[in-house]
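Each chain, letter by letter, is given below.
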Amino acid sequence: MEWKLLRAIGSSKRLYYTSRTKKPSLYSKISPLGNPSTSVATELDDWVYKGNKVRVGELQRIVRDLRKRSRFTQALQVSEWMNKNGVCIFSPTEHAVHLDLIGKVHGYLSAESYFNSLKDQDKTEKTYGALLNCYVRQRQIDKSLSHLQKMKELGFASSPLTYNDMMCLYTNIGQHEKVPDVLTEMKENKVLPDNFSYRICINSYGARSDIDGMERILKEMESQPHIVMDWNTYSVVANFYIKAGLTSDAVDALKKSEERLDNKDGEGYNHLISLYARLGQKNEVLRLWDLEKHACKRCINRDFVTMLESLVKLAEFEEAEKILREWESSDNSYDFSVPNILIIGYSGKGFPEKAEAMLEDLQKKGKATTPNCWTVVAGGYLHKDEVEKALGCLKTAISLYVENKGWKPNPKVIAGLLNWIGDKGSVEDAESLVTLLRNVVPVNRLMYNALIKTYIRDGKEVDELLDRMKKDNITENRN
């Protein structure tokens, strides 16, 4: 299930970086610290040490921004710094935010401990709700149900958010059939469902391929006087119509979604573009892209990725190359994930030579590539039985390994190359490949099988190989 389609979009603000010179602010000092291991507390201490003022509003803005960017560790550091240094007395709202961040960074047990340490006057609906959200996020069913019961007893289950959390829990654990019951309970308890309440219930029917049920909830939602229909809900509906093969209904839902789209909502345009691509409607994809470019301040890397993914899905490579050129001529920062979409697309569609040419061009320009993409191209060559080219790409991938710790080559590509060398390659080919592979993966029987085959074919003794196998703790295959 696509949570980006389900979650309500609270703001359509898009984030940009410019090179304008301004008087440094605390926000400008902290915002660029994208590395999660970078301590924000040190920057805050340094800011104060230099005689600068610290404003509560700015710190709260920084916490909101870091949370929006999923930089939860740094957001928690700012919140902890505020609390520790007495910048402001935490209200239940600040405690709720802090508790939520603790849950995201350290888990629900730490959040539970923080909650238990709060004074009674700070244990309000907000902090109770934040802890419930922590339980739900980590799929703690018993704790969620027990905590919800406590909230009901205290009269703290009066907002849609509480019930939405429970619907999320059942969705996360795959018990979609229980979601409508929560919506019913909501209404029985005189709690008005909000857009997300209806949207997640619509999703529960769609996930079970119950189109009639989905349409029934949609009609109920549309009839509610307090609900303003949004693009997101119709996107969810369109998604399930597409899965059910109901193209006409999907297009109708997409049109309703577009009618409710904020002109500057790039996120919304991206979803619609992706859905039209799944329907195979190239013209609609290109039309929406033109609208997005005119409506938004400028297209960011995420927008280019969505568009390239859609065009590759449609096998419209010429159009994809045009989009890539647009990205290259933009002022956007270099992000390999953008051209990588086309590289993977070419490799998967039988054009590894074009993918390799793109990678070589990037390297000539001094741009970073990854070992994984070179392995993907190697797999493309291997599929076409162009083994020497596949080997060349794999060697390049392994040469990049030092700078990309943790990467492991695709086992299918490795197995394919070793099998080919075992059947047709030379001893030198086998020894060279095994030597390379030792740098990135543990030696295994498949490597020695390839070596043994080449040795036997060349008439060489294998006793030395068998000794090497024993030293590497590889048992001889006697089948």
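All chains use their own residue numbering, which begins from 1 and follows the written sequence. It should be noted that, the model being predicted, local features are given only for residues of pLDDT at least 70 and side-chain atom pairs only at 80 or more, the latter also being counted only at that level, while totals for whole chains, interfaces and linings use all residues. Note that the side-chain values use all heavy atoms of the structure and ignore hydrogens as well as water.

Undergrad: Run through the nonpolar core, naming residues and quoting values.
TA: In this text, buried Ala, Val, Leu, Ile, Met, Phe, Trp, Tyr and Cys residues form a nonpolar core when linked through side-chain atoms within 4.5 Å. Type-normalised accessible area, obtained with a 1.4 Å probe on protein chains alone, sets the label of each residue: buried when under 20%, exposed when over 50%, and partly exposed for intermediate values. Val 78, Leu 417 and Leu 437 are the most contacted members of the largest nonpolar core, which totals 147 residues. Per element, the largest residue contribution to this core is eight residues, and it comes from helix α14 (residues 231-243). In what follows, residue pairs with any heavy atoms lying within 4.5 Å of each other are defined as contacts. The contact partners of Leu 437, leaving out residues within four places of it in the chain, are Leu 394, Ile 398, Ile 414, Leu 418 and Met 447. The helix and strand labels rest on DSSP assignments: H or I over at least four residues marks a helix, E over at least two residues marks a strand, and numbering proceeds from the N terminus.

Undergrad: How would you sum up unusual backbone geometry? Please name residues and give values.
TA: Unlike most non-glycine residues, Lys 190 shows phi in positive territory, near 65 degrees. Within the fold, Lys 190 resides in the loop between α11 (179-188) and α12 (195-207). For Lys 190, a relative accessible area of 75% gives the class exposed.

Undergrad: Residue-level account of helix α8 (residues 125-137), with values.
TA: Taking 1.5 Å as the rise per residue, α8 with 13 residues should run 18 Å; its terminal C-alpha atoms sit 18 Å apart, in good agreement. Considered for burial, the residues of α8 that qualify are Thr 127, Tyr 128, Gly 129, Ala 130, Leu 131, Leu 132, Cys 134, Tyr 135 and Val 136. Among the structural elements, α6 (92-106), α7 (108-117), α9 (141-154) and α10 (160-172) are those in contact with the buried residues of α8. Following α8 by one or two positions, Arg 139 has its phi on the positive side, about 60 degrees. Given the number of residues in a helix, its expected span is that number minus one, multiplied by 1.5 Å.

Undergrad: Go over a negative patch on the surface, please, and point to the residues and values.
TA: For patch detection, residues must exceed 30% relative accessible area and be free of salt bridges, and they are connected within 9 Å for like charges or within 5 Å for nonpolar side chains (Val, Leu, Ile, Met, Phe, Trp, Tyr). Only the protein chains shown count as covering a residue, and every accessible area follows the Shrake-Rupley method with a 1.4 Å probe. By convention in these notes, a salt bridge is any Lys or Arg side-chain nitrogen within 4 Å of a carboxyl oxygen on Asp or Glu. A residue counts as positive if it is Lys or Arg and as negative if it is Asp or Glu; His and the chain ends are not included. Each charge is placed at NZ for Lys, CZ for Arg, CG for Asp and CD for Glu. Together, Glu 388, Glu 428, Asp 429 and Asp 458 give the surface a local cluster of negative charge. Within the element layout of this structure, Glu 428 appears in helix α25 (residues 427-437).

Undergrad: Go over the side chain of Asn 195, please, and point to the residues and values.
TA: Along the chain, Asn 195 turns up in helix α12. Owing to a relative accessible area of 17%, Asn 195 belongs among the buried residues under this scheme. Only 2.5 Å separates the side chain of Asn 195 from the side chain of Asp 230, close enough to count as a polar contact. With near-sequence residues (within four places) excluded, Asn 195 lies in contact with Met 221, Ile 227, Val 228, Met 229 and Asp 230. We define a polar contact as two N or O atoms separated by no more than 3.5 Å, with the added condition that, inside protein, one atom must be a possible hydrogen donor and the other a possible acceptor, whereas residues neighbouring each other in sequence contribute only through side-chain atom pairs.

Undergrad: So, the packing of aromatic side chains: which residues are in play, and what are the values?
TA: Pairing of aromatic side chains here covers Phe, Tyr and the six-membered ring of Trp, requires ring centres within 6.5 Å, and sorts the geometry by plane angle: under 30 degrees stacked, over 60 edge-to-face, intermediate tilted. Counting across every chain of the model gives nine aromatic pairs. With a centroid separation of 4.8 Å and an interplanar angle of 75 degrees, the aromatic rings of Phe 115 and Tyr 128 are classed as edge-to-face. Residue Phe 115 is located in helix α7, and its partner Tyr 128 is located in helix α8; the two are separated by 13 residues in the primary sequence. Neither residue differs from the other here; Phe 115 and Tyr 128 are each classed as buried. Both rings, one in Tyr 401 and one in Trp 407, keep their centres 6.2 Å apart while their planes meet at 55 degrees; by these two values the pair is tilted. Residue class for Tyr 401 comes out buried when judged on its relative accessible area of 19%.

Undergrad: Please give an account of the confidence of the model for the chain that cites residues and values.
TA: Note: pLDDT gives the predictor's confidence per residue, expressed from 0 to 100. Averaged over all residues, the pLDDT of the chain is 90; the fraction at 70 or higher stands at 91%. Confidence over residues 1-5 falls short of pLDDT 50; this stretch has 19 contacts with residues more than four positions distant or in other chains. Counting interchain partners and residues more than four positions distant, the pLDDT-below-50 stretch residues 7-13 has 15 contacts.

Undergrad: Quick rundown of the pattern of salt bridges? Include the residues and the values.
TA: Overall, the coordinates contain 25 salt bridges when judged by the stated rule. Linking Asp 100 and Arg 137 is a salt bridge whose minimum nitrogen-to-oxygen distance equals 3.2 Å. You can see Asp 100 sitting in helix α6 and its partner Arg 137 sitting in helix α8, a full 37 residues away along the chain. With relative accessibility at 6%, the residue Asp 100 sits in the buried group. Salt-bridge contacts for Asp 361 lead to Lys 365; the nearest nitrogen and oxygen are separated by 3.2 Å. On the basis of relative accessibility, which here comes to 49%, the residue Lys 365 falls in the partly exposed class. One continuous salt-bridge network, built from bridges that share partners, spans Arg 67, Asp 100, Lys 104 and Arg 137.

Undergrad: Go over the packing of helix α23 (residues 387-399) against α25 with me, naming the residues and quoting the values.
TA: A pair of packed helices is captured by two measures, namely the crossing angle of their axes and the spacing between those axes. Between α23 and α25, whose axes approach to 10 Å, the crossing angle comes to 30 degrees. The pairing of α23 with α25 is recorded here as roughly parallel in orientation. As α23 runs across α25, the sense of the crossing is left-handed. Only Ser 432, Leu 433, Leu 436 and Leu 437 of α25 make contact with α23, whose side of the interface consists of Leu 391, Leu 394, Lys 395 and Ile 398. Three classes are used, and their members are as follows: Ala, Val, Leu, Ile, Met, Phe, Trp, Tyr, Cys and Pro are nonpolar, Asp, Glu, Lys and Arg are charged, and the others, Gly among them, are polar. Counted by class, the contact of α23 with α25 contains six nonpolar, one polar and one charged residues. Axes, fitted as lines to C-alpha atoms, cover a helix only where it is in contact. Angles between the N-to-C directions of the axes lie from 0 to 180 degrees. Angular relationships are summarised with four words: roughly parallel below 35 degrees, roughly antiparallel beyond 145, roughly perpendicular across 65 to 115, and oblique for the angles in between. Two helices crossing with the near one rotated counterclockwise from the far one by less than a right angle form a left-handed crossing, whereas a clockwise rotation gives a right-handed crossing.

Undergrad: Report on α10, specifying residues and quantitative values.
TA: For α10, with 13 residues, the first-to-last C-alpha span of 18 Å sits near the 18 Å given by 1.5 Å per residue. Burial within α10 is extensive, with eleven of its 13 residues counted as buried. Taken as a whole, α10 has its buried residues at Pro 160, Thr 162, Tyr 163, Asn 164, Asp 165, Met 166, Met 167, Cys 168, Leu 169, Tyr 170 and Thr 171.

Undergrad: Tell me about the environment of Gln 77, residues and numbers included.
TA: Mapped onto the elements, Gln 77 comes out in helix α5 (residues 72-84). Along the primary structure Gln 77 and Gly 174 are separated by 97 residues, whereas in three dimensions their C-alpha atoms are 34 Å apart. Sequence-distant contacts of Gln 77, that is, excluding residues within four places in its chain, are made with Thr 38, Ser 39, Val 40 and Ala 41.

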